[in-house]
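Working through the structure, step by step
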Amino acid sequence: MAFKINGLISSANGQASRAKQQRELKKLDSVADNDSDDVRMDMLEPEMKVRQEWDSKVQFLLAIVGYAVGLGNVWRFPYLCQQNGGGAFLIPYFIMLVLEGIPIFYMELGIGQRLRKGSVQVWTEIHPFLGGIGIASVVVGIFVALYYNVIITWCLFYLFHSFTRQLPWMECPTEGPNNTVVEECELSSATAYFWYRNALDISPAIDQPNGIKWSMFGCLVLAWTVMFFCLMRGIKSSGKPHMALM
């Protein structure tokens, strides 16, 4: 009898221990499931936050060339070169290009490729006190976009006025019954007269505005519209104009 009682007690203890082990296994399974869910979320989050990429290396290369070569290089650089010694100006220019320009440009590309963030977030991640550099670069970019679009507006204005048999800035306009040449144009040139009186319609003073020149305003709206369609999808849409201009 005592042997049977001891056997029952030992079997009950075995069942209790097995039940406890099963409960612990269930807890471990639930913890493992939660961990696997967290791992899955960690694996999914980067995929949900994937940044856009260039369609090809050619688009990226053309975008970098367009970023590095602007109106300042094509328009302003020859004038500065002539005003500062001509060919001799190229000597310090290339020295500073090798020592400062190219390294900083390469550093900017490397930081952008490594961190893959915007201008402000990149510098903030490097150090919180450097966030002002990113803000300054954004402000400079806004100013550059504003005056570049004004220049594009002038180009569109001249483009539309060029669809004539005779370019309007080739000869001075005439007035009166005797077809007398306008005195202001005769004293300057036909090109300058068209620029100041037709394109800009400049007023005598800054406190004497002549109102809005609607033809120029329309060209400005067109320039901003073209920029919007080029940038509305990020690099997916901005890369196409680079390929077209190539």
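Going by the structure above, here's the rest.
Remember, predicted model here, so these are calculated numbers, not experimental data.

Applying the stated criterion to the full structure yields one disulfide. Across the disulfide, C172 is cross-linked to C185 (sulfur-sulfur distance 2.0 Å). With the S-S dihedral at roughly -80°, the linkage between C172 and C185 falls on the left-handed side. Pair noted here: C172 is in the loop between α6 (131-161) and β1 (174-175) and C185 is in helix α7 (residues 183-187), with a separation of 13 residues, a long-range link. Judged by its relative accessible area of 1%, C185 falls in the buried class.

The next thing to look at is the packing of aromatic side chains. For the coordinates displayed, the defined rule picks out 14 aromatic pairs. Ring geometry for Y158 and W169: centres 4.9 Å apart, planes at 55°, overall tilted. Linking Y158 in helix α6 with W169 in the loop between α6 and β1, this pair joins segments that are 11 residues apart in sequence. Here Y158 falls in the partly exposed class, since its relative accessible area comes to 22%. W169 gets classed as buried once you look at its relative accessible area, which sits at 16%. One aromatic cluster is present, formed by W154, F157, Y158, W169, F194 and W195 through successive ring pairs.

In the structure shown here, the tally under the stated rule is two salt bridges. E125 is paired through a salt bridge with K117; the nearest N and O atoms lie 2.3 Å apart. Residue classification places K117 among the partly exposed residues on the basis of a relative accessible area of 39%. The salt bridge involving R197 is made with E184; its shortest N-O contact spans 3.0 Å. Here E184 lies in helix α7 and R197 lies in helix α8 (residues 190-199), a separation of 13 residues in the sequence. Residue class for E184 comes out partly exposed when judged on its relative accessible area of 37%.

Right, let's get into helix α4 (residues 90-115). Taking 1.5 Å of rise per residue, the 26 residues of α4 would be expected to cover 38 Å, and the 35 Å separating its terminal C-alpha atoms lies within 8% of that figure. When the local axis directions of α4 are compared, the greatest deviation, roughly 50°, occurs at L97. Just downstream of α4 lies R116, where phi reads positive at about 55°.

What counts and what doesn't
- Residues numbered from 1 in each chain as written.
- Predicted model: local features only at pLDDT ≥ 70, side-chain atom pairs only at ≥ 80, totals over all residues.
- Heavy atoms only, no water.
- Disulfide = S-S within 2.5 Å.
- Helix = DSSP H or I, 4+ residues; strand = E, 2+ residues; numbered from the N terminus.
- Buried < 20%, exposed > 50% of the residue type's maximum accessible area, 1.4 Å probe, protein only.
- Phe/Tyr/Trp six-rings, centres within 6.5 Å; stacked < 30°, edge-to-face > 60°.
- Salt bridge = Lys/Arg side-chain N within 4 Å of Asp/Glu carboxyl O.
- Expected span 1.5 Å × (residues − 1).
- Bend = angle between axes of the 7 residues up to and from the residue.

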